[in-house]
Amino acid sequence: MTIILNPVASARDSSNATTPQIASLEGRTIGILSNHWKSMDRIAVRMQTQLREKYGAADVRFYDIPINGAMADKVKAAAIAECDAAIVGLAN
């Protein structure tokens, strides 16, 4: 017998959320932080397209993080100041 595990879960109730929630990405600026593994570069371009076309993001900005270390404080500050939300990508 084959068992297929589906990692998709139902949305959590956000009424007791301990982290900020964004109801919609429409009109928002989204940051993508990438360590530039080849797979992450490909995923980031696809995410950019989907964020704009499917979710109505106003802007998608890319930020570079080192492949094997912490992001620079300057990059972190820029992402926080310029974006409503950020996706941290560490694709291997």
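Use the structure listed above.
Residues numbered from 1 in each chain as written. Predicted model: local features only at pLDDT ≥ 70, side-chain atom pairs only at ≥ 80, totals over all residues. Heavy atoms only, no water.

## Quick look at the nonpolar core
Part 1: In this structure, Ile30, Ile32, Met40, Ala44, Leu51, Ala57 and Val60 together form the largest nonpolar core, which totals seven residues.
Part 2: Looking at this core, the elements with two or more residues in it are β1 (29-34) and α1 (38-53).
Part 3: Excluding its chain neighbours within four sequence positions, the residues that come into contact with Ala44 are Ile32 and Phe62.
Part 4: Counting six residues, the second largest nonpolar core, distinct from the first, contains Leu33, Ile65, Ala79 and Cys83. (Core = buried A, V, L, I, M, F, W, Y, C linked by side-chain atoms within 4.5 Å. Buried < 20%, exposed > 50% of the residue type's maximum accessible area, 1.4 Å probe, protein only. Helix = DSSP H or I, 4+ residues; strand = E, 2+ residues; numbered from the N terminus. Contact = heavy atoms within 4.5 Å.)

## Re α1
Part 1: Compared with an ideal rise of 1.5 Å per residue, which puts 16 residues at 22 Å, α1 spans 23 Å between its outermost C-alpha atoms and is within 8% of the ideal.
Part 2: Among the residues of α1, those classed as buried are Met40, Ala44, Gln48 and Leu51. One face of α1 carries all of its buried residues, which in axial projection span an arc of 85°. Residues Lys38, Arg42, Arg46 and Glu53 are exposed on α1 and point more than 90 degrees away from its buried face.
Part 3: The elements touched by buried residues of α1 are β1, β2 (59-64) and β3 (85-89). (Expected span 1.5 Å × (residues − 1). Arc of directions from axis to C-beta.)

## Re the pattern of salt bridges
Part 1: Under the defined criterion, the tally for this structure stands at three salt bridges.
Part 2: Put simply, Arg52 and Asp59 hold a salt bridge, and the shortest N to O gap is 3.5 Å.
Part 3: In this structure, Arg61 and Glu82 form a salt bridge, with 3.3 Å as the shortest nitrogen-oxygen distance. Remark: Glu82 occurs in helix α2 (residues 73-82) and Arg61 occurs in strand β2; sequence separation between them is 21 residues.
Part 4: A relative accessible area of 37% places Glu82 in the partly exposed class.
Part 5: Residues participating in the shared-partner salt-bridge network are Arg52, Asp59, Arg61 and Glu82. (Salt bridge = Lys/Arg side-chain N within 4 Å of Asp/Glu carboxyl O.)

## Looking at the sheet that holds β1
Part 1: Spatially, the three strands line up as an open sheet ordered β2-β1-β3, and their pairing is parallel. Both edges of this open sheet fall to β2 and β3, since each of them pairs with a single strand only. For this sheet the average axis-to-axis angle between neighbouring strands, irrespective of direction, equals 20°.
Part 2: In terms of strand pairing, β1 meets β2 through six bridges, oriented parallel. For Ile30, the partnering residue across the bridge sits in β2 and is Val60.
Part 3: Of the strands in this sheet, β1, β2 and β3 are in contact with α1, which crosses β1 at around 175°. (Pairing = 2+ DSSP bridges. Axes fitted to C-alpha atoms, helices over the stretch in contact; angles between N-to-C directions.)

Honestly, that's just the spatial picture; any functional story needs more than this.
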